[in-house]
Amino acid sequence: MTKNISIIALDGPAASGKSTLGRTLADSLGYLFFDTGIMYRAITWIALQHDMDLRDETAITELAQNAQIDIRPSSKDDGRACDVVIGEKDVTWDMRGDDVDANVSVVSAYAGVRKALSEHQRRIGLRGRVVMVGRDIGTVVLPEADLKIYLDASAEERAKRRYEEIIARGENADYDEILKKVIERDRIDSTRAVAPLRPADDAVIIDSDKMDAAQVFNHVLELCK
Ligand code: DC
């Protein structure tokens, strides 16, 4: 069924459901699931830990060129897709914190950071049998992908999903605040000079506003045929 579809690029804005879709799809095809956002988050996390000035593009770029980020098979059944380890510290959830959320768009707008990280992503992606998730996979990292999906949803719907996720974890959340952050990240991600968030010309655009995760998955599985 999936003979000719070996490299799948899955792009879209924050909280559009890309990770859930990518993971389920990779599992069902027996492919590697690679969420490239992890790499941008890891660099941001290290920079914050070391109190680096995030406006210092040269220093942040050097960090991206030299950082040792390890991705290992998931060691815990707590919703993670893999372990992200930096210097033997498991930072899988730390990287999803507010601090990183608020600063990762700045770090990922730097051309040198993107170049350093995209080279690793491309090398891994070209091996095939991969579902790679990000913002620029179909446009920059793997333009030769066999299938390109751009998963979209309105900012309101994405904020609502984030809000419900947080509430389900038993934590407090403010919908308006989340919506504001989603809109701000969209703005930075889609207006940056290098590799802005946009669908590739040959991407299949899926608007998931009125679809649940299972419907999106089935639709994409059909496209793999
Ligand atoms: O998908 P995410 O929310 O974990 O991504 C974190 C940040 O990294 C987000 O602000 C956009 C950026 N990113 C990117 O610029 N290019 C990618 N291929 C993946 C993520």
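Calculation notes
- Residues numbered from 1 in each chain as written.
- Predicted model: local features only at pLDDT ≥ 70, side-chain atom pairs only at ≥ 80, totals over all residues.
- Heavy atoms only, no water.
- Pairing = 2+ DSSP bridges.
- Helix = DSSP H or I, 4+ residues; strand = E, 2+ residues; numbered from the N terminus.
- Axes fitted to C-alpha atoms, helices over the stretch in contact; angles between N-to-C directions.
- Contact = heavy atoms within 4.5 Å.
- pLDDT = per-residue confidence, 0-100.
- Expected span 1.5 Å × (residues − 1).
- Buried < 20%, exposed > 50% of the residue type's maximum accessible area, 1.4 Å probe, protein only.
- Phe/Tyr/Trp six-rings, centres within 6.5 Å; stacked < 30°, edge-to-face > 60°.
- Arc of directions from axis to C-beta.
- Parallel < 35°, antiparallel > 145°, perpendicular 65-115°, else oblique.
- Left-handed = near helix turned anticlockwise from the far one by under 90°.
- Lys, Arg positive; Asp, Glu negative; His and termini not counted.
- Salt bridge = Lys/Arg side-chain N within 4 Å of Asp/Glu carboxyl O.

### Section: the sheet that holds strand S6 (residues 130–134)
One open sheet holds the 5 strands; their spatial order is S2-S6-S1-S7-S8, and the pairing between them is parallel. Of all the strands in the sheet, just strand S2 (32–35) and strand S8 (204–207) have a single pairing partner and so form its edges. Neighbour-to-neighbour, the strand axes of this sheet turn through a mean angle of 20 degrees, independent of strand direction. Taken together, the 4 bridges between strand S7 (residues 147–152) and S8 define a ladder with parallel strand orientation. The partner of Tyr150 across the bridge, within S8, is Ile205. Together, strand S1 (7–11), S2, S6 and S7 form the strand contacts of helix H1 (residues 18–29), whose direction differs from that of S6 by roughly 175 degrees.

### Examining the confidence of the model for the protein
Put simply, the protein has an average pLDDT of 93, and 99% of its residues get 70 or more. Of all the helices and strands in the protein, strand S3 (residues 69–73) carries the lowest mean pLDDT, 88, while S1 carries the highest, 98.

### Describing helix H7 (residues 155–168)
The first and last C-alpha atoms of H7 sit 20 Å apart over 14 residues, in line with the 20 Å expected at 1.5 Å per residue. Within the span of H7, buried status applies to Ala155, Glu157, Arg158, Ala159 and Ile166. Turning to H7, the residues buried within the fold contact helix H8 (175–191). A positive phi of about 85 degrees marks Gly170, the residue just after H7.

### Notes on the packing of aromatic side chains
As enumerated under the stated definition, the model contains 1 aromatic pair in all. With centroids separated by 6.4 Å and ring planes inclined at 85 degrees, the aromatic side chains of Tyr163 and Tyr175 adopt a geometry described as edge-to-face. You can see Tyr163 sitting in helix H7 and its partner Tyr175 sitting in helix H8, a full 12 residues away along the chain. In this structure Tyr163 comes out as partly exposed when scored by relative accessible area, which is 29%. You can call Tyr175 partly exposed: its relative accessible area is 26%.

### Structural notes on helix H4 (residues 98–107)
Each α-helix turn comprises 3.6 residues. Residues three or four places apart therefore point the same way. Every buried residue of H4 is listed here: Val100, Val104, Ser105 and Val107. Angular distribution of buried residues about the axis of H4 spans 155 degrees; they occupy a single face of the element. Relative to its buried face, H4 has exposed residues pointing more than 90 degrees away, namely Asp98, Asp99 and Ala102. In this fold, the buried residues of H4 make contact with helix H2 (37–49), helix H3 (57–66), helix H5 (111–125) and H8.

### Here we look at unusual backbone geometry
In this structure, Ala15 takes a positive phi of about 65 degrees despite not being glycine. Ala15 sits in the buried class, given a relative accessible area of 15%. Phi is positive for Asp51, which is not a glycine, with a value near 50 degrees. Its location among the elements puts Asp51 in the loop between H2 and H3. Overall, the relative accessible area of 72% leaves Asp51 in the exposed class.

### Considerations on the packing of H7 against H8
At their nearest, the axes of H7 and H8 sit 9 Å apart, and the two run at 130 degrees to each other. The angle between H7 and H8 places the two elements in the oblique class. Handedness of the crossing formed by H7 with H8: right-handed. Residues Ala155, Glu156, Arg158, Ala159, Lys160, Arg162, Tyr163 and Ile166 of H7 touch H8, and the partners they reach there are Tyr175, Ile178, Leu179, Val182, Ile183, Arg185 and Asp186.

### Topic: the side chain of Asp11
Position of Asp11 among the secondary structure elements: in strand S1. One buried charged residue, Asp11, remains without a salt bridge, the closest side chain of opposite sign being Arg135 at 7.0 Å. With residues up to four places along the chain from it excluded, the contact list for Asp11 reads Lys18, Gly134, Arg135, Asp136, Ile137, Gly138, Ile149, Tyr150 and Leu151.

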